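Overview (structure and organization)
The lines below spell out each chain.
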Amino acid sequence: MAEKQIDTVLGLVEGPEENKDEKWMCHSQAIAATMSNRMEELGMTQRALAEKMNCTQQYVSKVLKGRENLSLETLCKIENALGIRILQAGIDK
């Protein structure tokens, strides 16, 4: 596909030769926004979330910047810690 695609969420323009490996970043940023909103609803700090996820506050900070390629394990920890659903593959817990 020779036409350039415009990513309306990020405002990025990329051609077919651009690095397609970073499309995951759109998902990472959406997850970060969802996390941030839920943390605000709960009045939860990064430190409190880190304790619930059994990780460091520094790692939570990196995730909330929306530039982390998150593992399934980390996504499950986020879901459990915040009481939200991120993975929507039709899997019942």
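Here's what I pulled together on the structure shown here. (Residues numbered from 1 in each chain as written. Predicted model: local features only at pLDDT ≥ 70, side-chain atom pairs only at ≥ 80, totals over all residues. Heavy atoms only, no water.)

**Quick notes on the overall build of the chain**
Scanning the chain from N- to C-terminus turns up 4 helices and 2 strands. Moving toward the C terminus, one meets the helices and strands of the chain in the order β-β-α-α-α-α. Taking the intrachain contacts of the chain between residues at least 6 apart in sequence as the baseline, contacts between residues at least 24 apart amount to 41%. With the model as given, the accessible surface of the chain reaches about 6600 Å², and the carbon-plus-sulfur share is 50%. (Helix = DSSP H or I, 4+ residues; strand = E, 2+ residues; numbered from the N terminus. Contact = heavy atoms within 4.5 Å. Areas by Shrake-Rupley, 256 points an atom, 1.4 Å probe, with all protein chains shown as cover.)

**Examining the pattern of salt bridges**
The final tally for this structure, using the stated rule, is 3 salt bridges. For Glu41, the salt bridge is made with Arg38, and the minimal N-O distance between the two is 3.0 Å. Taken together, the residues Glu41 and Arg38, both in helix H1 (residues 24-42) and 3 residues apart, mark about one turn of the helix. Note on Arg38: relative accessible area 22%, which makes it partly exposed. Linking Glu68 and Lys62 is a salt bridge whose minimum nitrogen-to-oxygen distance equals 3.6 Å. The exposure class of Glu68 is buried, given its relative accessible area of 18%. (Salt bridge = Lys/Arg side-chain N within 4 Å of Asp/Glu carboxyl O. Buried < 20%, exposed > 50% of the residue type's maximum accessible area, 1.4 Å probe, protein only.)

**Comments concerning the nonpolar core**
Judged by nonpolar contacts, the single largest core of 16 residues is most densely connected at Met35, Leu49, Ile78 and Leu82. Secondary-structure elements contributing two or more residues to this core are H1, helix H2 (46-53), helix H3 (57-64) and helix H4 (72-82). Contacts of Met35, omitting those with residues within four sequence positions, involve Leu49, Val63, Leu64, Ile78 and Leu82. (Core = buried A, V, L, I, M, F, W, Y, C linked by side-chain atoms within 4.5 Å.)

**Brief notes about unusual backbone geometry**
At Asn54, a residue that is not glycine, the phi angle is positive and equals roughly 60 degrees. Here Asn54 shows up in the loop between H2 and H3.

**Examining H2**
Every buried residue belonging to H2 is among Leu49, Ala50 and Met53, and all of these are buried. Down the axis of H2, the buried side of the element spans an arc of 100 degrees, and every buried residue falls inside it. Pointing more than 90 degrees away from the buried face of H2 are the exposed residues Arg47, Glu51 and Lys52. Looking at the buried positions of H2, the neighbouring elements they touch are H1, H3 and H4. (Arc of directions from axis to C-beta.)

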